[in-house]
Amino acid sequence: MRANKETVTAADRPILRNKYYLYLTEFFAGMSVMAVELGASRLLAPYFSSSQIVWTIIIGTIMIAMALGNIYGGRKVDKNPNPDRLYGRIIFAAIWIALIPVVGKYVILGISGLLVFTINTNFLVIAAFAACMIIFVFPLFLLGTVTPSLVKYTVDSLDDSGKIVGNLNASNTIGSIIGTFVPTFVSIPAVGTSITFLIFAGILLVLAIVYFASSRIFVKKVPIAMVIFILCCIFGHSGSFAFWQSHLTVEDESIYNYLQVKENDDRIILSTNVLFGVQSVYQKEKRLTGMYYDYAMAAPYMAGIYEKDRPLDVLILGMGTGTYATQCKRYFGEMNVEGVEIDQKITDLAHEYFDLPDSVPVATYDGRAFLNALSSERWEKDGAFGTEDGKYDVIMVDAYQDITIPFQMSTVEFFTLVKDHLRSDGVMVVNMNMRGSDRVSDKARITDYLSDTIASVFPEVVTVDVSMNTNRELFAGGEGLMERFRLNLAKEKEEELLSMMHSVEEGCLMYQAGDHIMTDDKAPVELLGMQVIDEMIRDEVAYYKRIYEEKGWEGLMDAL
């Protein structure tokens, strides 16, 4: 005779009597938590960036969910040690996770749309936190009830309680380790974020179905969950983050980035992580881009390109798809250009869609690590990379994306390393992409911190703002940068480039150094970047707020 529902224990379920299935449950629960955490970072990155701030929000909300789940699960299992309830919660968690690729992106955009009109500061933090709370807290709260419940089912006496709890924790930890590596190195690069969510939701669902099937219990929620999961697989497998856009040439994910390539009549554009930014551009008519790459072409003049009897050696840290390399090759002819790009998939896109010349070698490396390898002679030169003396005439630093500024490439130590790899008359050019608007503020911005840090390393620093853009180009080197620039520019015969360089010259300002210095020990680049992001959002939203105030929702929808 079947035991009463309120008095069922683990001993009443044959699959749980030898405890191995309980360890398996702990294993898959731990694995799924980590997989969802990594999937969360990818789901949020195209909308909020992949900065340390976003990672902090993800980790924090997940820890909140797990803590609450531990408390709730412990209290519930003490009152009613029925394992059916635990596996029922696992079914709910599995279905919620399966629904994330179907509705998650709409929830994020809905939250962002509501908040952008109601808050003026810390938009990134508040919107990302709200999205995490709504999308991820509930399923992870349910998974947080697993461990205290399993402790109740497995511990029979105090004599072996330490061993049993240790085995459970080991199972959870091993599962978490696998759940950390598999999404990052296998599933997300291979099949994408959406299918990764579906894979781990499916694992949890199978785990619960096996439990109920082996116990010969018919639970209505099981067939309902199976139908919902199948529907999620049908409607949630595409994984398009930019669902409002059509005719994208490429939408893909790598170990490091969400990748989007789109093409129009005159150019091909790469965006990474944040949907609305432009990281690389290729002009089909083989002309200047009108963007910061053109301004950065002042660096070869400052390095004395027409004074030397040899080609310039140029190194690009943050190669992207090679826009700067392509421009330099096109307009300056013979140059030895090398690139460093951490994401191999971006390099592959560069060759396939952006016409990056095969003569430009690209090392799949972190920019600073590459310079360190050159310094310590650990870089195995095969004739493709590195100059004989390990020094360059121009080093471009173009590794800053939106708020995602790698702190290790923004400090005194890093810029000193760059200087060590420049020749005596060499020039570093840095693309700083968040100068914000021209409003006056007493607060130092990220560009001020970067400029002050660079000025503490280099004798002379020159900046120029990119027209109709939030980018600012910074040139650093020895004394006489502008003198060498004008001397070499006078020898330029290409009319289009000459006109562009005269515009750059008009905007150039000698930078007066301040005392906002960033070091490897202290470089708050995310918080500084967030201040500029808030300012840029306020400026953009102000226009739409005025329309709403004057014409209401109907006028706002027409404007959008």
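Residues numbered from 1 in each chain as written. Predicted model: local features only at pLDDT ≥ 70, side-chain atom pairs only at ≥ 80, totals over all residues. Heavy atoms only, no water.

**Thoughts on the sheet that holds strand E7 (residues 362–363)**
- Read across the open sheet, the eight strands follow the order E7-E6-E5-E8-E9-E11-E10-E12; overall the sheet is mixed. Of all strands in the sheet, those with a lone pairing partner are E7 and strand E12 (509–510), marking the two edges.
- Sheet topology note: the strand E5 (residues 313–317)/strand E8 (residues 392–397) ladder contains four bridges and is parallel. Across the sheet, residue isoleucine 316 finds its bridge partner in E8, namely methionine 396.
- Most of the contacts of helix H16 (residues 446–455) go to strand E9 (residues 422–432), to which it runs at about 175°, and overall it touches E9, strand E10 (460–465) and strand E11 (472–477). (Pairing = 2+ DSSP bridges. Helix = DSSP H or I, 4+ residues; strand = E, 2+ residues; numbered from the N terminus. Contact = heavy atoms within 4.5 Å. Axes fitted to C-alpha atoms, helices over the stretch in contact; angles between N-to-C directions.)

**With respect to the packing of aromatic side chains**
- Overall, the coordinates contain 14 aromatic pairs when judged by the stated rule.
- When the ring of tyrosine 87 is compared with that of tyrosine 211, the centres are 4.1 Å apart and the planes differ by 10°; the resulting orientation is stacked. Taken together, the residues tyrosine 87 in helix H3 (residues 83–116) and tyrosine 211 in helix H8 (residues 193–214) connect sequence positions 124 residues apart. Note on accessibility: tyrosine 87 and tyrosine 211 belong to one class, buried.
- Between tyrosine 211 and phenylalanine 212, the ring centres sit 5.0 Å apart and the planes meet at 75°, which makes this aromatic pair edge-to-face. (Phe/Tyr/Trp six-rings, centres within 6.5 Å; stacked < 30°, edge-to-face > 60°. Buried < 20%, exposed > 50% of the residue type's maximum accessible area, 1.4 Å probe, protein only.)

**Overview of the pattern of salt bridges**
- Counting across every chain of the model gives 15 salt bridges.
- Across the salt bridge formed by lysine 284 and glutamate 263, the nearest N and O atoms sit 2.6 Å from each other. Note that lysine 284 is positioned in the loop between strand E4 (280–283) and helix H10 (292–296) and glutamate 263 in strand E2 (residues 258–263), a separation of 21 residues in sequence.
- For lysine 284, a relative accessible area of 32% gives the class partly exposed.
- With relative accessibility at 41%, the residue glutamate 263 sits in the partly exposed group. (Salt bridge = Lys/Arg side-chain N within 4 Å of Asp/Glu carboxyl O.)

**Section: unusual backbone geometry**
- The phi torsion at lysine 286 lies on the positive side, around 55°, for a residue other than glycine.
- Note that lysine 286 resides in the loop between E4 and H10.
- Look at lysine 286 and you get partly exposed, because its relative accessible area is 42%.
- You will see that aspartate 355, though not glycine, has its phi angle at about 60°, which is positive.
- You can see aspartate 355 is positioned in the loop between helix H13 (344–353) and E7.

**A few points about helix H15 (residues 412–420)**
- For H15, every residue scored as buried is listed here: Phe414, Phe415, Leu417 and Val418. The arc that holds every buried residue of H15, seen down its axis, measures 150°, which confines them to one face.
- Elements that come into contact with the buried residues of H15 comprise E5, helix H14 (367–375), E8, E9 and H16. (Arc of directions from axis to C-beta.)

**Re the side chain of aspartate 393**
- By the element assignment, aspartate 393 lies in strand E8.
- Classification of aspartate 393 as buried rests on a relative accessible area of 0%.
- At a separation of 2.8 Å, a polar atom in the side chain of aspartate 393 contacts the side chain of arginine 310.
- Leaving out residues up to four positions away in the same chain, aspartate 393 has contacts with Ala303, Lys308, Arg310, Pro311, Leu312, Asp313, Leu422, Arg423, Gly426 and Val427. (Polar contact = N/O pair within 3.5 Å; in protein donor to acceptor, adjacent residues only side chain to side chain.)

**Examining the side chain of threonine 289**
- Looking at where threonine 289 falls in the secondary structure, it is placed in the loop between E4 and H10.
- Leave out the neighbours within four places in its chain, and threonine 289 touches Arg267, Val281, Gln283, Asp294, Thr323 and Gln327.

**Some words on the nonpolar core**
- Core analysis: the largest hydrophobic core is formed by 74 residues, its most contacted members being Phe48, Tyr87 and Phe136.
- It is helix H1 (residues 20–48) that provides the largest number of residues to this core, a total of 15 residues.
- Residues contacting phenylalanine 136, with those up to four places away along its chain left out, are Val36, Ala40, Leu43, Ile100, Ala131 and Phe197.
- Judged by nonpolar contacts, the second largest core, of 48 residues, contains Met291, Ala298, Tyr301 and Met501. (Core = buried A, V, L, I, M, F, W, Y, C linked by side-chain atoms within 4.5 Å.)

**Focus on the packing of H1 against H3**
- Viewed as axis vectors pointing N to C, H1 and H3 meet at an angle of 5°, and their least axial separation amounts to 11 Å. When the axis of H1 is compared with that of H3, the two are roughly parallel. Contacts between H1 and H3 involve Tyr21, Leu22, Thr25, Val36, Leu43, Leu44, Tyr47 and Phe48 from the first element and Tyr87, Ile90, Ile97, Ile100, Gly104, Lys105, Ile108, Leu109 and Ser112 from the second.
- Tallied by class, residues from the contact of H1 with H3 come to 13 nonpolar, three polar and one charged. (Parallel < 35°, antiparallel > 145°, perpendicular 65-115°, else oblique. Nonpolar A, V, L, I, M, F, W, Y, C, P; charged D, E, K, R; others polar.)

**Here we look at the pairing of strand E1 (residues 250–253)**
- Pairing analysis gives four bridges linking E1 to E2, with the strands arranged antiparallel. Its bridge partner being in E2, aspartate 252 is matched across the sheet by leucine 259.
- What sits between E1 and E2 in their antiparallel hairpin is a turn of four residues.

**Overview of the packing of H1 against helix H4 (residues 123–135)**
- For the pair H1 and H4, interaxial distance at closest approach is 11 Å and the crossing angle is 150°. When the axes of H1 and H4 are compared, the pair comes out roughly antiparallel. In terms of crossing hand, the pair formed by H1 and H4 is right-handed. Of H4, the residues touching H1 (which contributes Leu43, Leu44 and Phe48) are Leu124, Ala127, Ala128, Ala131, Cys132 and Ile135.
- Partitioning the contact of H1 with H4 into residue classes produces nine nonpolar, no polar and no charged. (Left-handed = near helix turned anticlockwise from the far one by under 90°.)

**Observations regarding the pairing of E11**
- Taking burial as the measure, the six residues of E11 include six buried ones, the bulk of the element.
- Pairing analysis gives six bridges linking E9 to E11, with the strands arranged antiparallel. Bridge pairing in E11 links methionine 428 to alanine 476.
- Bridge count for E10 against E11 is six bridges, and the pairing is antiparallel. Directly across from aspartate 465, in E11, lies its bridge partner arginine 472.
- Here E10 folds back onto E11 in antiparallel fashion, the turn holding six residues, of which methionine 468 has a positive phi close to 60°.

**Quick notes on the confidence of the model for the protein chain**
- On average, residues of the protein chain score 86 in pLDDT, and 88% of them reach the 70 mark or higher.
- In this model residues 1–5 is a low-confidence stretch, pLDDT under 50, and it forms six contacts with partners more than four residues away in sequence or in other chains. (pLDDT = per-residue confidence, 0-100.)

**Quick notes on the sheet that holds E4**
- Ordered in space as E1-E2-E3-E4, the four strands form an open sheet in which the pairing is antiparallel. In the strand order of this sheet, the two ends are held by E1 and E4, each with one partner. Going across the sheet, the axis of each strand differs from the next one's by a mean of 10°, ignoring polarity.
- Pairing between E2 and strand E3 (residues 267–272): five bridges, direction antiparallel.

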